[in-house]
Amino acid sequence: MGWKPSSAWQRAWLRCLGSLALVILLPCICGAGSGWDPDHDDLAREFDSHARRAAPADGFPVFDEPQMASVARANRVLHPREWVIGVVIHGDARAYPVAAMGVHELGNDRVGGLPITVCW
Amino acid sequence: VVHSRRIAPHGPDKPGRVLHFGHAGILYRRSFVMVDHETGSLWNHSTGLCMKGPLEGTQLRILPARITPWQRWRALHPHTRVLLGPRNEGFMGSFLRMSTDAYGLAVSFGMHSRLVPYRVLRREEVVNDLFRDAPYVFVFDPRDRASFAFRARLGERELHFDPAPSLGGAPRMRDRETRSLWDRMDGVAVSGALQGERLAPALGVPWLVKRWQAVYGRGASFYTPPSG
């Protein structure tokens, strides 16, 4: 009683619809739309499939235990409302202005005796 | 994000060591990749997780840090030292010009992370949440749009907070259990039964929401306001 495709173009059209449905539904069925699973997926494989080179290695001026300025000197350079990344370790306080971190992106430092890395 | 560069011993032939990081020039899920010069391993700078190389799977310890206006930081820490240098914002600095609605504040444990969107935090100002069965309170300072997170527990006592009127410009909150009043951004009880008590800071990291979702994948979960 059901409808059956009677011509070649109807069969081709149905195949096309079927493929389209598969393309749309498969990622949902497999869970690909919800991202990777850090508990079960292989880290290096996940990394390789989503990493791409964007700049030469060490193409940014990463700092390494830089000279730091006093508050008095910083006041002459920083706007009062300028954003800084602040960290305190064992009573040793450091401020890394976001405008400067935008240039360095990354730095190695030692604060309160602890070796740290600061990233933006 | 601030991480410790010291990794603990992780095997009989893998002693603890201090690493020095450089920029690998690689983007992974919109996030740049660090390389340690000791082993050449590749690390996600946002999560501190080593993704590839001899140290694969090693997690750097995230350290408490906050993003705050310079005037607030120098008032809290008058002897702070400051990094001065080139100041043209660079590539990453352009994110500062994005709407704050694109951001959220996240606390994480390994590759599991909980995020409160800024649009929610700005509206509620104080958000109570549970992450991995531990209570947290996320707070917002409308003066300078700064945000922070604390562990909402004192000893065995779990606390829940509501916003309270500011005093002298300082935003406050009140706990429901003892009605004590707290400095919202310092996490210190300023009056009431718990006066002088201090909440432990949580490692809250501001994230671009889309990047956070991509990096944590299925380990990412959003705060959802209680219904009703």
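Parameters and conventions
Residues numbered from 1 in each chain as written. Chains lettered and ligands numbered in written order. Predicted model: local features only at pLDDT ≥ 70, side-chain atom pairs only at ≥ 80, totals over all residues. Heavy atoms only, no water. Helix = DSSP H or I, 4+ residues; strand = E, 2+ residues; numbered from the N terminus. Rg over C-alpha atoms; globule rule 2.2 N^0.38 Å. Buried < 20%, exposed > 50% of the residue type's maximum accessible area, 1.4 Å probe, protein only. Contact = heavy atoms within 4.5 Å. Phe/Tyr/Trp six-rings, centres within 6.5 Å; stacked < 30°, edge-to-face > 60°. Lys NZ or Arg CZ within 6 Å of the ring centre and 35° of its normal. Pairing = 2+ DSSP bridges. Core = buried A, V, L, I, M, F, W, Y, C linked by side-chain atoms within 4.5 Å. Buried area = accessible area lost by both parts, 1.4 Å probe. Salt bridge = Lys/Arg side-chain N within 4 Å of Asp/Glu carboxyl O. pLDDT = per-residue confidence, 0-100.

Enquirer: How should the overall build of chain B be read in this particular structure?
Expert: From N to C terminus, chain B includes three helices and 22 strands. At 19 Å, chain B has a C-alpha radius of gyration in line with the 17 Å of a compact globule built from 228 residues. With respect to the principal axes defined by its C-alpha atoms, chain B has extents near 55 × 45 × 40 Å. The buried share among the 228 residues of chain B stands at 51%. For chain B, the share of sequence-separated contacts (at least 6 apart) that also reach a separation of at least 24 residues comes to 42%.

Enquirer: Explain the packing of aromatic side chains to me, please; I cannot follow it from the model alone.
Expert: The geometry of an aromatic ring pair comes down to the distance between the two centres and the angle between the two planes. All names here are of chain B. The final tally for this structure, using the stated rule, is nine aromatic pairs over all chains. For the pair Trp207 and Tyr216, a centre-to-centre distance of 5.6 Å together with 70° between the ring planes defines the contact as edge-to-face. No difference in accessibility class separates Trp207 from Tyr216, as the two residues are buried. With a centroid separation of 5.0 Å and 70° between ring planes, the pair formed by Trp212 and Phe222 is classed as edge-to-face. Here the residue Trp212 occupies a position in helix H3 (residues 209-216), and Phe222 occupies one in strand S22 (residues 220-222), the gap between them amounting to ten residues. Between Arg66 and the ring centre of Phe148, over which it is positioned, the NZ or CZ distance is 4.0 Å.

Enquirer: How should I be thinking about the sheet that holds strand S8 (residues 66-69) of chain B in this particular structure?
Expert: Paired through their backbone hydrogen bonds, the strands of a sheet run either parallel or antiparallel. Spatial ordering of the open sheet is given by S8(B)-S3(A)-S4(A)-S9(B), a layout of four strands whose pairing is mixed. For this open sheet the edge positions go to S8 and strand S9 (81-82) of chain B, each flanked by a neighbour on one side alone. In this structure, strand S3 (residues 83-89) of chain A lies alongside S8(B), joined through four bridges in antiparallel fashion. Looking at S8(B), one finds that A:Ile85 is bridged to B:Ile67.

Enquirer: Please clarify how the environment of B:His77 should be interpreted in this entry.
Expert: Tracing the sequence through the fold places B:His77 in the loop between helix H1 (70-76) and S9. Discounting residues that sit within four places of it in the chain, B:His77 has contacts with A:Val88 and A:Ala93.

Enquirer: Even after reading the chapter, I still don't get the nonpolar core, so can you show me in this structure?
Expert: The tendency in soluble globular proteins is for nonpolar side chains to be buried side by side. The biggest cluster of nonpolar side chains holds 22 residues, and the ones touching the most others in it are A:Phe47, B:Val33, B:Leu42, B:Met51, B:Trp207 and B:Trp212. Elements that contribute at least two residues to this core include exactly helix H2 (43-50) of chain A together with strand S4 (21-28), strand S5 (31-36), strand S21 (205-208) and H3 of chain B. If one sorts the elements of this core by residue count, H3(B) sits on top with four residues. Not counting residues within four places of it along the chain, the set of residues in contact with B:Trp212 comprises B:Ala106, B:Ser113, B:Arg114, B:Leu115, B:Trp207, B:Gly217, B:Ala220, B:Ser221 and B:Phe222. Within the second largest apolar cluster, 18 residues are counted, among which are A:Ile85, A:Val98, B:Ala65 and B:Leu83.

Enquirer: Is there a simple way to think about the interface of chain A and chain B in this case?
Expert: In many analyses, interface size is given as the accessible surface area lost on bringing the parts together. With 74 residues of chain A at the contact, the number on the chain B side is 70 residues. Each partner contributes to the roughly 6,500 Å² buried at the junction of chain A and chain B, and carbon and sulfur atoms together form 61% of this total. By the criterion of area lost to chain B, the three top residues of chain A are A:Phe47, A:Trp83 and A:Trp120, representing 12% of everything that side buries. For the pair chain A and chain B, the interface holds three salt bridges.

Enquirer: It is not clear to me how the confidence of the model for chain B should be interpreted in this structure. Could you clarify?
Expert: In low-pLDDT regions, the fine details of the predicted coordinates are not to be read closely. Residues and elements named next belong to chain B. On average, chain B scores 88 in pLDDT, and the residues at 70 or more come to 93%. Low pLDDT, under 50, characterises residues 90-98; the predicted model gives this stretch 22 contacts beyond four residues in sequence or across chains. Here the predicted complex scores 0.76 on pTM and 0.79 on ipTM.

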